Amino acid sequence: MFSALADRIRGLASLFWREVAKFGAVGGVAFVIDNGLTYYLMHGPMSDSEAKARFVGATVATVFSWVANRFWTFRHRRQANVLREFVMFVIINGIGIGISTGFTALAKYGMGINDKNLLFLAGVAGILVATVVRFFAYRFLVFNQELDQEPEFSHDHELIEAHPHREPARTERPASTPVDGGPKA
């Protein structure tokens, strides 16, 4: 039982790290989309609205991220109700966008920083904080379909949970005999 449980834990850890790697790859591309667009907007059409530029960049990156995470990173966990999943994803990303935009706004309005490069870096710091929040929210709230549907994960509960409806196997013990080895009186 312990060896099977250890194998299962190793399998779950492996799955977790594969998800982290895929999430990181999607996040890397989204990071480039977000920051590339934000940088362009901050130094061009939205040069007076750095926080708004960050919001637009993050929004475009969010749409990409939902599609990539749904069909690649968490494909084995996606929900049957696509609308509910998308709404949850948008809410979680709204929080993430609020964090990254908030870092930029805090730097500009709260700290009086006007240097565009420093404001850009404040947004990057916000993205890093928001990324941690997003990963766990995606995994446990958005893409949370149980893995029991896949054959390789179908025995999770048998290995980890106790089964109260099963009686432990009892072994028959021989009747005790007196110390001298003779029959009981």
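Structure: see above.
Within each chain, residue numbers correspond to sequence positions counted from 1 in written order. pLDDT decides what is reported in this predicted model: residues at 70 or higher carry local features, side-chain atom pairs at 80 or more are listed and counted, and totals for whole chains, interfaces and linings draw on all residues regardless. Each side-chain value is derived from all of the structure's non-hydrogen atoms; neither hydrogens nor water enter the calculation.

1. Some remarks on the packing of helix 2 (residues 50-73) against helix 3 (residues 82-110)
Reasoning step 1: The axes are straight lines fitted to the C-alpha atoms, using for helices just the contacting stretch, and the angles between their N-to-C directions are given from 0 to 180°. What counts as a helix is a DSSP run of H or I of at least four residues, what counts as a strand is a run of E of at least two, and both are numbered from the N terminus. One can describe the packing of helix 2 onto helix 3 by two numbers: an axis separation of 9 Å at closest approach and a directional angle of 150 degrees. Regarding the angle of helix 2 to helix 3, the classification is roughly antiparallel. Crossing of helix 2 over helix 3 shows right-handed handedness. Here Glu50, Ala51, Arg54, Phe55, Ala58, Thr59, Thr62, Ser65, Trp66, Asn69 and Arg70 of helix 2 lie close against helix 3, whose contacting residues are Val82, Glu85, Phe86, Phe89, Asn93, Ile97, Ser100, Thr101, Thr104 and Lys108.
Reasoning step 2: Only Asp, Glu, Lys and Arg are considered charged in this grouping, and only Ala, Val, Leu, Ile, Met, Phe, Trp, Tyr, Cys and Pro are considered nonpolar; every other residue, Gly among them, is considered polar. Grouping the amino acids of the contact of helix 2 with helix 3 by side-chain chemistry returns 8 nonpolar, 8 polar and 5 charged. Should an angle fall under 35 degrees it is taken as roughly parallel, and over 145 as roughly antiparallel, whereas 65 to 115 is taken as roughly perpendicular and any remaining angle as oblique. Helix crossings get a hand from a simple test, with the near helix turned counterclockwise from the far one by less than a right angle marking a left-handed crossing and a clockwise turn marking a right-handed one. Only heavy atoms enter the contact rule, under which two residues are in contact if any of them lie within 4.5 Å.

2. Focus: the layout of surface pockets
Reasoning step 1: Detection works on a 1 Å grid of protein atoms alone, calling trapped sets that fit a 1.4 Å probe cavities and calling open sets with protein on both sides within 12 Å along at least five of seven lines pockets, with lining residues defined by an atom within 4 Å of a point. Grid points are joined across faces, edges and corners, and a volume is the space filled by probe spheres set on the points. Here the largest pocket defines a volume of roughly 290 Å³.
Reasoning step 2: Taken together, 20 residues form the lining of the largest pocket, with Gly27, Ala30, Phe31, Thr131 and Arg134 sitting closest to its centre.
Reasoning step 3: Elements that contribute at least two residues to the lining of the largest pocket include exactly helix 1 (2-42), helix 2, helix 3 and helix 4 (116-142).
Reasoning step 4: No other element matches helix 1, which puts 8 residues into the lining of the largest pocket.
Reasoning step 5: Taken together, the residues of the lining of the largest pocket break down into 10 nonpolar, 8 polar and 2 charged.

3. Digging into the packing of aromatic side chains
Reasoning step 1: Pairing of aromatic rings covers Phe, Tyr and Trp, the last counted by its six-membered ring, and requires centre-to-centre distances within 6.5 Å; plane angles under 30 degrees mean stacked, over 60 mean edge-to-face, and any other angle means tilted. According to the stated counting rule, one finds 4 aromatic pairs in the structure shown.
Reasoning step 2: Note on Trp66 and Phe86: the rings are 4.9 Å apart at their centroids and 75 degrees apart in plane angle, and the pair reads as edge-to-face. Placement of Trp66 in helix 2 and of Phe86 in helix 3 is noted, with a sequence separation of 20 residues between them.
Reasoning step 3: An aromatic cluster is defined as three or more aromatic residues linked by ring pairs; in this entry it consists of Phe23, Phe135 and Phe136.
Reasoning step 4: Seen from the ring of Phe71, Arg70 lies directly overhead, with NZ or CZ sitting 5.4 Å from the centre. Criterion for a charge above a ring: Arg CZ or Lys NZ at most 6 Å from the ring centre, at most 35 degrees from the ring normal.

What is shown is where atoms sit, not what they do.
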